[in-house]
Amino acid sequence: MDHESSLLKNFEPSWDINILKSQINPEKMPRHIAIIMDGNGRWAREKRLTRVAGHRAGVKAVRDIVEASVDIRLEVLTLYAFSVQNWERPKREVNTLMRLLVEYLKKELPEMMEQDIRMIAIGDLDRLPSRVRETLAFTIEKTKNNKGMTLNLALNYGGKSEICHAAKQIARKIKEGQIEADQIDEGLFSRHLYTADLPDPDLLIRTSGEMRISNFLLWQLAYAEFWITQTLWPDFNRAEFFQAIIDFQKRERRFGRITGFLGRKR
Ligand code: FPP
């Protein structure tokens, strides 16, 4: 368990937020933060509420974190909103999640425009229900020229299927003679992922204490720093979010190298 975040559980007054915010070094900002929003169900059970109520409370946390991200001028925020595995939940819960998503997109569009947020989505979007696809396409189109933060929703997303999707596209190009097999390298492969235009996440946050990657951004998280908190997603707030960034900035990222050694000349 991350002791720093557990201390912050009930930490909310606004002056504390400003103190925390002032500890974030704008020069060392992560460019891209990805979040696995976990624990809506457990939050609801603890409060003897329905899972639907848990997801509703989860949407509130989404709003707070998006607002906080804009506030600190984050470049990209990716939220794992619905995985390919989530279809296996009871139909009622899946429908609720889809409804909440549509509600969120419709309600937040004016705010996205106001805050200059560009909304995009990754995943197998064609298999989402038509009302979700339509609202999503509308929001993406409306916000496409915004120049502030990119809010990236992972929907019907799975890391393994994303990698297969990229491999298929590359195989097709080889078959059609557009590229040769020997040209495949990390850069080319990355450009065939859903995240082709985004920097890889520098920081992965996961709520509710699970130590798993859950098929999320398997390729892109290769060198990301992980920050895991026991806090359940609906209780995750900007104070803890800022703390995660402050902790990230204290870490030494070596990308497989040794400190102070910049590499042997070849
Ligand atoms: C995990 O909680 C959360 C999800 C499966 C979905 C996350 C969705 C939202 C926060 C709401 C909609 C999203 C947006 C972007 C508006 P869980 O149900 O797995 O919790 P549990 O593990 O405690 O059961």
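Attention here is on the structure that accompanies the text. These numbers come from a predicted model, not from an experiment. (Residues numbered from 1 in each chain as written. Predicted model: local features only at pLDDT ≥ 70, side-chain atom pairs only at ≥ 80, totals over all residues. Heavy atoms only, no water.)

Glancing now at the packing of helix H4 (residues 51-71) against helix H9 (residues 238-250). Viewed as axis vectors pointing N to C, H4 and H9 meet at an angle of 50 degrees, and their least axial separation amounts to 9 Å. Our classification of the angle between H4 and H9 gives oblique. Note that H4 runs across H9; the crossing there is right-handed. In this structure, H4 contributes Asp 64, Ile 65, Glu 67, Ala 68, Ser 69 and Asp 71 to the contact, and H9 contributes Arg 238, Phe 241 and Phe 242. A per-class count over the contact of H4 with H9 returns 4 nonpolar, 1 polar and 4 charged. (Axes fitted to C-alpha atoms, helices over the stretch in contact; angles between N-to-C directions. Helix = DSSP H or I, 4+ residues; strand = E, 2+ residues; numbered from the N terminus. Parallel < 35°, antiparallel > 145°, perpendicular 65-115°, else oblique. Left-handed = near helix turned anticlockwise from the far one by under 90°. Contact = heavy atoms within 4.5 Å. Nonpolar A, V, L, I, M, F, W, Y, C, P; charged D, E, K, R; others polar.)

Once that is clear, we can look at the pairing of strand E2 (residues 76-83). When you tally the buried positions in E2, you get 7 out of 8 residues, the bulk of the element. Bridging between E2 and strand E4 (residues 150-157) involves 7 bridges; their strand directions are parallel. Of the residues in E4, the one forming a bridge with Thr 78 is Asn 152. (Buried < 20%, exposed > 50% of the residue type's maximum accessible area, 1.4 Å probe, protein only. Pairing = 2+ DSSP bridges.)

Let us now look at the site of the ligand. Residues in contact with the ligand amount to 17 residues; listed here are only the nearest, Met 37, Gly 41, Arg 42, Arg 51 and Arg 89. Gly 39 places a main-chain nitrogen or oxygen 3.3 Å from an oxygen atom of the ligand. Between Gly 41 and the ligand, the recorded distance is 3.0 Å, taken from a backbone N or O atom to an oxygen atom. For the ligand, whose accessible area on its own is 620 Å², the fraction buried by protein is 92%. Spatially, the ligand is embedded in the largest pocket. Sorting the residues of the shell around the ligand by element identifies helix H3 (40-46), H4 and helix H5 (91-114) as the ones contributing at least two each. In terms of residue count, the dominant contributor to the shell around the ligand is H4 (4 residues). (Near = heavy atom within 4 Å. Polar contact = N/O pair within 3.5 Å; in protein donor to acceptor, adjacent residues only side chain to side chain. Areas by Shrake-Rupley, 256 points an atom, 1.4 Å probe, with all protein chains shown as cover. 1 Å grid on protein atoms, 1.4 Å probe; cavity = no way out; pocket = protein on both sides within 12 Å on 5 of 7 lines; lining within 4 Å. Sits in = over half its atoms within 2 Å of the grid points.)

Once that is clear, we can look at the sheet that holds E2. If you trace the 6 strands from one edge of the open sheet to the other, you get E3-E4-E2-E1-E5-E6, paired in parallel fashion. Taken across any chain shown, the strands that pair with only one partner, and hence form the sheet edges, are strand E3 (118-122) and strand E6 (225-228). Ignoring which end each strand starts from, the neighbouring axes of this sheet average 20 degrees apart. Pairing between E3 and E4: 5 bridges, direction parallel. Residue pairing in the sheet places Arg 118 in a bridge with Thr 150 of E4.

This brings us to the pattern of salt bridges. Counting across every chain of the model gives 15 salt bridges. Salt-bridge contacts for Arg 63 lead to Glu 108; the nearest nitrogen and oxygen are separated by 2.6 Å. You can see Arg 63 sitting in helix H4 and its partner Glu 108 sitting in helix H5, a full 45 residues away along the chain. On the basis of relative accessible area, Arg 63 is assigned to the partly exposed category, the value being 26%. Two residues, Arg 251 and Glu 225, come together in a salt bridge whose shortest N-O distance is 3.0 Å. With Arg 251 in the segment after H9 and Glu 225 in strand E6, this residue pair connects regions lying 26 residues apart in the sequence. We classify Arg 251 as partly exposed; its relative accessible area is 31%. A single salt-bridge network, built from bridges that share partners, covers Asp 38, Arg 42, Arg 206, Glu 210 and Arg 212. (Salt bridge = Lys/Arg side-chain N within 4 Å of Asp/Glu carboxyl O.)

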